[in-house]
Amino acid sequence: QAKLRGKAQWALFDTQMRAQIAGRLQLELDLRRVIERQELVLHYQPIVALATERVVGWEALVRWQHPQRGLISPGEFIPLAEEIGFTLVLGQWVLQTATGQLRHWQQQGLCDDQVYMSVNLSGRQVAHSRLVAWVQTALQESGLLPRCLRLEVTENSISEGVERVVSHLTTLGALGVGLSIDDFGTGYSSLSRLHQFPMDMLKIDRSFICSLGQPGPATNLVQGIVTLAASLEMQVVAEGIETPAQLWELKNMGVTYGQGFLLAKPCPDPWLSVA
Ligand code: C2E
Ligand code: MG
Ligand code: MG
Ligand code: MG
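Quantities reported herein were computed from a predicted structural model and do not represent experimental measurements.

Thresholds applied
- Residues numbered from 1 in each chain as written.
- Chains lettered and ligands numbered in written order.
- Predicted model: local features only at pLDDT ≥ 70, side-chain atom pairs only at ≥ 80, totals over all residues.
- Heavy atoms only, no water.
- Near = heavy atom within 4 Å.
- Polar contact = N/O pair within 3.5 Å; in protein donor to acceptor, adjacent residues only side chain to side chain.
- Areas by Shrake-Rupley, 256 points an atom, 1.4 Å probe, with all protein chains shown as cover.
- 1 Å grid on protein atoms, 1.4 Å probe; cavity = no way out; pocket = protein on both sides within 12 Å on 5 of 7 lines; lining within 4 Å.
- Sits in = over half its atoms within 2 Å of the grid points.
- Salt bridge = Lys/Arg side-chain N within 4 Å of Asp/Glu carboxyl O.
- Helix = DSSP H or I, 4+ residues; strand = E, 2+ residues; numbered from the N terminus.
- Buried < 20%, exposed > 50% of the residue type's maximum accessible area, 1.4 Å probe, protein only.
- Contact = heavy atoms within 4.5 Å.

### Here's the deal with the site of ligand 1
Near ligand 1 you find 22 residues, and of these Arg-63, Asn-120, Asp-182, Glu-242 and Phe-261 are the closest. In the environment of ligand 1, a nitrogen atom lies 3.2 Å from a nitrogen or oxygen atom belonging to the backbone of Val-62. The backbone of Phe-261 places a nitrogen or oxygen atom 2.7 Å from an oxygen atom of ligand 1. Look at ligand 1: alone it shows 810 Å² of surface, and the protein chains cover 81% of it. More than half of the atoms belonging to ligand 1 lie within 2 Å of the grid points that define the largest pocket.

This is the structure we're talking about:
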């Protein structure tokens, strides 16, 4: 009887596995057609000067509007895109759309040219030999000044293939493009390496910010990161500010910029809610 039950369970497991694999395959097929089907959308979240609450930049965050599955977050499909080698195509779309959007806002008089657009790059993009060419194309096509574009790379994506990545980022930095380290504190970039990169901004990962005000080392860690950034002459952004208490503490610690639901949530047309 145990054997029978085992068999039935296996059959059930097998069916579930098949459904899962089929679902993933379908998602992969759908993902490859996402651009032609115009299913990608960008949401924009402001980056704010904490002292004045002035918007200094916007971060472009991609979403997939799937006809059956609804809005899929990048955390779900970017890893899949990386696996199937699709992030290059996807990344070009994001770069082109985000730069075009900021240029459009500038032309409508909604932003001046002190405000930047910040675009996330995947590990594969940062290491790709055509990265600089893609960025230059996006700048030329949109007519955006290089200083109005900022690129965000995670610690982990700059710790692989270091030489090549340093050279790409150095070229981009020399063009005038801003360079941020995203999710700082969660990766494995060594401090000795950090100063080899031409990054001018460091984004403190949300996990540190959400632990502020709780017992534990969060405050000291954030303070340490602020000091580190100052000695590397980097500007600091706190990610994921959700409460007034966190905001207050960050201001007190001398964090200049912030981003988070308390200040504004990412949305497809941020100017609609303002008007
Ligand atoms: P990230 O670059 O660190 O972006 C910040 C994430 O935190 C975003 O999630 C944003 O919606 C969320 N967030 C902002 N404020 C708050 C807050 O106060 N509380 C909480 N709980 N969350 C907040 P999202 O949009 O789901 O993006 C997740 C990650 O996906 C991004 O993390 C980034 O690594 C990646 N990603 C997004 N867009 C792109 C893209 O165009 N290309 C690539 N390669 N990766 C992208
Ligand atoms: Mg980011
Ligand atoms: Mg981040
Ligand atoms: Mg993140």
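### A closer look at the pattern of salt bridges
Enumeration according to the criterion identifies ten salt bridges in this entry. Salt-bridge contacts for Glu-28 lead to Arg-24; the nearest nitrogen and oxygen are separated by 3.1 Å. With Glu-28 and Arg-24 both in helix α1 (residues 2-32), this residue pair falls four residues apart, about one helical turn. Given a relative accessible area of 16%, Glu-28 falls into the buried group. Between Glu-152 and Lys-203 there is a salt bridge, with its nearest N and O atoms 2.7 Å apart. Note that Glu-152 is positioned in strand β5 (residues 149-154) and Lys-203 in strand β7 (residues 201-204), a separation of 51 residues in sequence. Overall, the relative accessible area of 1% leaves Lys-203 in the buried class. Residues joined by salt bridges that share partners form a network here, namely Arg-24, Glu-28, Arg-32 and Glu-83.

### Comments concerning the side chain of Glu-155
For Glu-155, the position within the fold is in the loop between β5 and α6 (162-175). Polar contacts involving the side chain of Glu-155 include one to the main-chain amide nitrogen of Gly-185, which spans 2.9 Å. In terms of polar contacts, Glu-155 uses its side chain to reach the backbone amide nitrogen of Gly-187, at 2.9 Å. In contact with Glu-155, other than residues within four places in its own chain, are Ile-181, Asp-182, Asp-183, Phe-184, Gly-185, Thr-186, Gly-187, Tyr-188 and Ser-189.

### Quick word on the side chain of Thr-99
Summarising the element assignment, Thr-99 is placed in helix α3 (residues 87-107). Engagement of the side chain of Thr-99 in a polar contact is seen with the backbone oxygen of Leu-95, the distance being 2.7 Å. Residues contacting Thr-99, with those up to four places away along its chain left out, are Ala-138, Ser-142, Leu-144 and Leu-149.

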